[in-house]
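# Architecture and fold: a report
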Amino acid sequence: MLASDITIGLRVLVGPNQMTALVVGDPEYYTPRSKLVRIKYENSTRYEYMINHQLEALPKEEQYPALGGSHVKPEGDF
């Protein structure tokens, strides 16, 4: 995924572990061709930095309403 397509609040699929996460920070410089993106895994307290090429945006309908989708966080998730 291109760093220019990443926005805070975007729901993504993390390539190495196939878990769903939420982007919580702007892409940061790592190398000229890749950026580090701070993510938070859904239903977890774990935060990580991932390389932008390891992230894949979920379809538009699975995004939060602020980004044009219809996903609502289930009660009890954090």
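Structure shown above.
Residues numbered from 1 in each chain as written. Predicted model: local features only at pLDDT ≥ 70, side-chain atom pairs only at ≥ 80, totals over all residues. Heavy atoms only, no water.

### Some points on the pattern of salt bridges
It is possible for side chains of opposite charge to pair when their charged atoms get near one another. What counts, and what does not: In what follows, salt bridge is the name for a side-chain nitrogen of Lys or Arg lying within 4 Å of a carboxyl oxygen of Asp or Glu. Counting from the N terminus, the helices are the DSSP runs of H or I reaching at least four residues and the strands are the DSSP runs of E reaching at least two. Between buried and exposed lies partly exposed: a residue is buried under 20% and exposed over 50% of the maximum accessible area for its type, with that area taken using a 1.4 Å probe on protein chains only.
Across all of its chains, the model carries 2 salt bridges by this definition. Residue Arg11 pairs with Glu42 through a salt bridge whose shortest N-O separation is 2.7 Å. Of the two residues, Arg11 sits in strand S1 (residues 11-14) while Glu42 sits in the loop between strand S4 (34-41) and strand S5 (47-51), which places them 31 residues apart along the sequence. Look at Glu42 and you get partly exposed, because its relative accessible area is 25%. Two residues, Arg46 and Glu48, come together in a salt bridge whose shortest N-O distance is 3.2 Å.

### Digging into the side chain of Asn52
The line we're drawing: Any N or O atom pair separated by 3.5 Å or less is treated as a polar contact, with the protein-specific requirement of one donor-capable and one acceptor-capable atom, and with residues adjacent in sequence counted only for side-chain atom pairs. By the convention used here, residues are in contact when the closest approach between their heavy atoms is within 4.5 Å.
Of note, Asn52 is situated in the loop between S5 and strand S6 (55-57). Its relative accessible area of 2% is what places Asn52 among the buried residues. One polar contact links the side chain of Asn52 to the main-chain amide nitrogen of Lys35, over a distance of 2.9 Å. Dropping the residues within four chain positions of it, Asn52 is found in contact with Met1, Leu2, Ala3, Ile6, Ser34, Lys35 and Val37.

### Topic: the environment of Asn17
Take Asn17: it is sitting in the loop between S1 and strand S2 (19-23). In the structure, Asn17 is positioned 37 residues away from Gln54 in sequence and 9.9 Å away in space, judged by C-alpha atoms. Sequence-distant contacts of Asn17, that is, excluding residues within four places in its chain, are made with Tyr41 and Arg46. Within polar-contact distance, the side chain of Asn17 engages the side chain of Tyr41 at 3.1 Å.

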